[in-house]
Amino acid sequence: MKELKGANMDIDLVSENVGWDQMQCPWNEAEHTKSHKCAVKSTSICKYFCGIRYPDSVLCSYPNENPAAFV
């Protein structure tokens, strides 16, 4: 497995009316909001974001910050 750096992506768990099951962000649930996103293209990566797992799962460490986070 290789770690490929420099990708741009938008990843969030706040979509509505999608055709698949989607869990909600635990940080958003705790704060009753939809403002937190896992990764935003050219902007930031959430301090709880730990990566993605094929095919479409986000790895999240909420409520403990990812010790490798660069935020």
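Our subject is the structure listed above.
1. Observations regarding the pairing of strand 4 (residues 57-60)
Sheet analysis places strand 3 (residues 49-53) next to strand 4, joined by 4 bridges and oriented antiparallel. Across the sheet, Ile52 pairs through a bridge with Val58, a residue of strand 4.

2. Thoughts on the pattern of salt bridges
For the coordinates displayed, the defined rule picks out 3 salt bridges. When the shortest N-O distance is used, the salt bridge between Lys37 and Asp12 registers 3.9 Å. Of this pair, Lys37 sits in the loop between helix 1 (26-31) and strand 1 (39-40) while Asp12 sits in the segment before helix 1, and the two are 25 residues apart along the sequence. Glu65 is paired through a salt bridge with Lys47; the nearest N and O atoms lie 3.8 Å apart. Here Glu65, found in the segment after strand 4, pairs with Lys47, found in the loop between strand 2 (44-45) and strand 3; they are 18 residues apart in sequence, far enough to count as distant. Take Lys47: its relative accessible area is 27%, and that puts it in the partly exposed class.

3. What to know about the packing of aromatic side chains
Under the definition given, this model contains 2 aromatic pairs. Ring centres of Trp27 and Tyr48 lie 4.9 Å apart, and the angle between their planes is 85°; on these two criteria the pair is classed as edge-to-face. Of this pair, Trp27 sits in helix 1 while Tyr48 sits in the loop between strand 2 and strand 3, placing them 21 residues apart in sequence. Take Trp27 and Tyr48: they sit in the same class, and that class is buried. With centroids separated by 5.0 Å and ring planes inclined at 80°, the aromatic side chains of Tyr48 and Tyr62 adopt a geometry described as edge-to-face. Taken together, the residues span a long stretch of sequence, with Tyr48 in the loop between strand 2 and strand 3 and Tyr62 in the segment after strand 4 at a distance of 14 residues. Under the relative-accessibility criterion, Tyr48 is labelled buried at 8%. Judged by its relative accessible area of 27%, Tyr62 is partly exposed.

Reading the values: rules and limits
- Here, residues in each chain are numbered from 1, in the same order as that chain's written sequence.
- Local features in a predicted model are, by the rule used here, given only for residues with pLDDT of at least 70; side-chain atom pairs are given and counted only at 80 or more, and totals for whole chains, interfaces and linings are based on all residues.
- The side-chain quantities take in all heavy atoms of the structure and omit both hydrogens and water.
- For two strands to count as paired, DSSP must find a minimum of two bridges between them.
- In this description a helix means any DSSP run of H or I spanning at least four residues, a strand means any run of E spanning at least two, and both kinds are numbered starting from the N terminus.
- Only one rule defines a salt bridge in this text: a Lys or Arg side-chain nitrogen within 4 Å of an Asp or Glu carboxyl oxygen.
- Working definition: with a 1.4 Å probe on protein chains only, accessible area under 20% of the residue-type maximum means buried, over 50% means exposed, and in between means partly exposed.
- Stacked, tilted and edge-to-face pairs are distinguished by plane angle, under 30 degrees for stacked and over 60 for edge-to-face with tilted covering the rest, among Phe, Tyr and Trp rings (Trp via its six-membered ring) whose centres lie within 6.5 Å.

Note that every value here comes from positions in space, so none of it alone points to a role or purpose.
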